[in-house]
Amino acid sequence: MSTILEELRQKIAPERVLTKEPMKNHTTFRIGGEAELYVIPESIEEVQCTVKAAKEHGTPIFILGNGSNLLVGDQGIDGIVLQIYKNMNKITCKGNEITAQAGALLSSIAKEAQKNSLTGFEFAGGIPGTFGGAITMNAGAYGGEMIQVLKEAEVLTKDGEILTLSASELELGYRTSNVIKCGYTVLSGTICLKEGDPAGIKKQMDEYTLARKTKQPLELPSAGSTFKRPEGYFAGKLIDDAGLRGYQVGGARVSDKHCGFVVNQDNATAKDVLQLIGDVQKKVKEKFGVDLEPEVKRVGKF
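Attention in this report is confined to the structure presented alongside it.

Parameters at a glance
- Residues numbered from 1 in each chain as written.
- Predicted model: local features only at pLDDT ≥ 70, side-chain atom pairs only at ≥ 80, totals over all residues.
- Heavy atoms only, no water.
- Salt bridge = Lys/Arg side-chain N within 4 Å of Asp/Glu carboxyl O.
- Helix = DSSP H or I, 4+ residues; strand = E, 2+ residues; numbered from the N terminus.
- Buried < 20%, exposed > 50% of the residue type's maximum accessible area, 1.4 Å probe, protein only.
- Contact = heavy atoms within 4.5 Å.
- Pairing = 2+ DSSP bridges.
- Axes fitted to C-alpha atoms, helices over the stretch in contact; angles between N-to-C directions.
- Core = buried A, V, L, I, M, F, W, Y, C linked by side-chain atoms within 4.5 Å.
- Phe/Tyr/Trp six-rings, centres within 6.5 Å; stacked < 30°, edge-to-face > 60°.

**Details of the pattern of salt bridges**
Okay, so step 1: Applying the stated criterion to the full structure yields 16 salt bridges.
Okay, so step 2: With a shortest N-O distance of 3.2 Å, D78 and K301 are connected by a salt bridge. One end of the pair, D78, is in strand β5 (residues 77-83); the other, K301, is in the segment after β19 (297-299), and 223 residues separate them in sequence.
Okay, so step 3: Its relative accessible area of 40% is what places D78 among the partly exposed residues.
Okay, so step 4: Of the residues examined, K301 reaches a relative accessible area of 37% and is grouped as partly exposed.
Okay, so step 5: Residue E295 pairs with R175 through a salt bridge whose shortest N-O separation is 3.6 Å. Of this pair, E295 sits in the loop between α9 (270-288) and β19 while R175 sits in the loop between α5 (167-170) and α6 (178-182); the two residues are 120 residues apart in sequence, bridging distant segments of the chain.

Here it is in structure tokens:
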């Protein structure tokens, strides 16, 4: 790792190439061990050189946004964590299209849409994630999904080639896409919206914000909705009906406010969260015959 560290620090400012970086400081769950190498790029060229170096040295690499929807193992992450976030978050609007770098927050893009009287992205305003992560996972809320508005995305292949792929080529599905299947790194993307009434757009966004504050446990660290929606059911209701509201393992707890969320109640470990998820899956399966599939992505050593 010392060789790749020296190589990257020759091309990227040393203060943005860190070692043994605590991942709990970079996830909304506030859980996770150390990243062996943590790189914060400021340009596509720096992303390219990091991905290229990882390939040449056979070093594993994980692309991180703002750390939502993520559970990092207590033993940390081997290899490189490449965080595309605040240093790559430019947003531009032209006509009814908004182009943003992968590190832009969805909330910032939603505000830009509102400012330009563009409707169709209100659903994403409260999702605590980056544009790159949203494209990767086809993020959605309140009946809206990225697939409904995404025009195209610029991605970096594992070989360091930059491609511009249409939404259809990305094959966005329920919380998945070709970005995952092909190991791409999202660099930027463009969404296509419609002209709307600024007051109406703001009203819709305010209603979604109020719904989140009222129904979701935003006051505690979490990774968002813990389970995917099983066909024909709601995960939170199944968990509640199974008598698991407030169920706790170590510092991890099924939220009393919304049973679809596992929260970090008191210095939870990744081990606590995994055991709790397993217990919930077992109880729901026993009582209702439904398999709950985690939506939260697991990364690192557990």
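After that view, the rundown keeps rolling.
**Description of the side chain of T130**
Okay, so step 1: Structurally, the position occupied by T130 is in the loop between β8 (118-119) and α4 (131-137).
Okay, so step 2: What makes T130 buried here is its relative accessible area of 5%.
Okay, so step 3: With near-sequence residues (within four places) excluded, T130 lies in contact with G65, N66, Y85, A102, G103, A104, L105 and L106.

**Remarks on unusual backbone geometry**
Okay, so step 1: With a phi angle near 50°, E171 is a residue other than glycine that sits in the positive phi range.
Okay, so step 2: The topology assignment puts E171 in the loop between α5 and α6.
Okay, so step 3: Under the relative-accessibility criterion, E171 is labelled partly exposed at 45%.
Okay, so step 4: Residues other than glycine seldom take positive phi values, yet N267 does so here, at roughly 50°.
Okay, so step 5: Tracing the chain through its elements places N267 in the loop between β18 (261-264) and α9.

**Observations regarding the sheet that holds strand β13 (residues 185-192)**
Okay, so step 1: Across the sheet, which stays open at both edges, the five strands sit in the order β6-β7-β13-β11-β12 with antiparallel pairing between neighbours. Strands at the two margins of the open sheet, each flanked by one partner only, are β6 (91-94) and β12 (162-166). Direction aside, the axes of adjacent strands within the sheet are offset by 15° on average.
Okay, so step 2: When strand β11 (residues 150-156) meets β13, the two strands line up antiparallel, connected through six bridges. Of the residues in β13, the one forming a bridge with L156 is T185.

**Describing the side chain of T226**
Okay, so step 1: Within the element layout of this structure, T226 appears in the loop between β15 (222-225) and α8 (235-241).
Okay, so step 2: The buried category is assigned to T226, whose relative accessible area is 3%.

**A few points about the environment of V39**
Okay, so step 1: The residue V39 is located in strand β2 (residues 34-39) in this model.
Okay, so step 2: Under the relative-accessibility criterion, V39 is labelled buried at 0%.
Okay, so step 3: In this structure, the C-alpha to C-alpha distance between V39 and R9, residues 30 residues apart in sequence, is 9.6 Å.
Okay, so step 4: Here V39 is in contact with L8, I12, R16, V17, T50, I80, V81, L82 and Q83, once residues within four sequence places are set aside.

**A look at the sheet that holds β18**
Okay, so step 1: Sheet architecture is open: four strands sit in the order β15-β18-β17-β16, paired in antiparallel fashion. Pairing within the sheet leaves two strands with one partner each, and these edge strands are β15 and β16 (248-249).
Okay, so step 2: Bridge analysis of strand β17 (residues 252-254) against β18 gives three bridges, and the strand direction is antiparallel. The residue of β18 that forms the bridge with V254 is V262.
Okay, so step 3: Contacts from α9 reach β16, β17 and β18 within the one sheet, and its direction differs from that of β17 by about 30°.

**Some thoughts on the nonpolar core**
Okay, so step 1: Of all hydrophobic cores here, the largest spans 52 residues; its most connected members are L8, F121, F131, I135, M146, L150 and I191.
Okay, so step 2: Among the elements that line this core, the one with the most residues is helix α2 (residues 44-57), at five residues.
Okay, so step 3: Beyond its immediate stretch of four places on either side in the chain, I191 contacts N96, E97, I98, I109, F121, F131, M146, V149, L150 and K151.
Okay, so step 4: I239, L244, C259 and A270 belong to the second-largest nonpolar core, a separate cluster that totals 25 residues.

**Overview of the environment of G200**
Okay, so step 1: Take G200: it is sitting in helix α7 (residues 198-215).
Okay, so step 2: Given a relative accessible area of 35%, G200 falls into the partly exposed group.
Okay, so step 3: In the structure, G200 is positioned 86 residues away from Q114 in sequence and 9.4 Å away in space, judged by C-alpha atoms.

**A closer look at the packing of aromatic side chains**
Okay, so step 1: Applying the stated criterion across every chain yields a total of two aromatic pairs.
Okay, so step 2: For the pair Y142 and Y208, a centre-to-centre distance of 4.4 Å together with 5° between the ring planes defines the contact as stacked. You can see Y142 sitting in the loop between β9 (140-141) and β10 (144-145) and its partner Y208 sitting in helix α7, a full 66 residues away along the chain.

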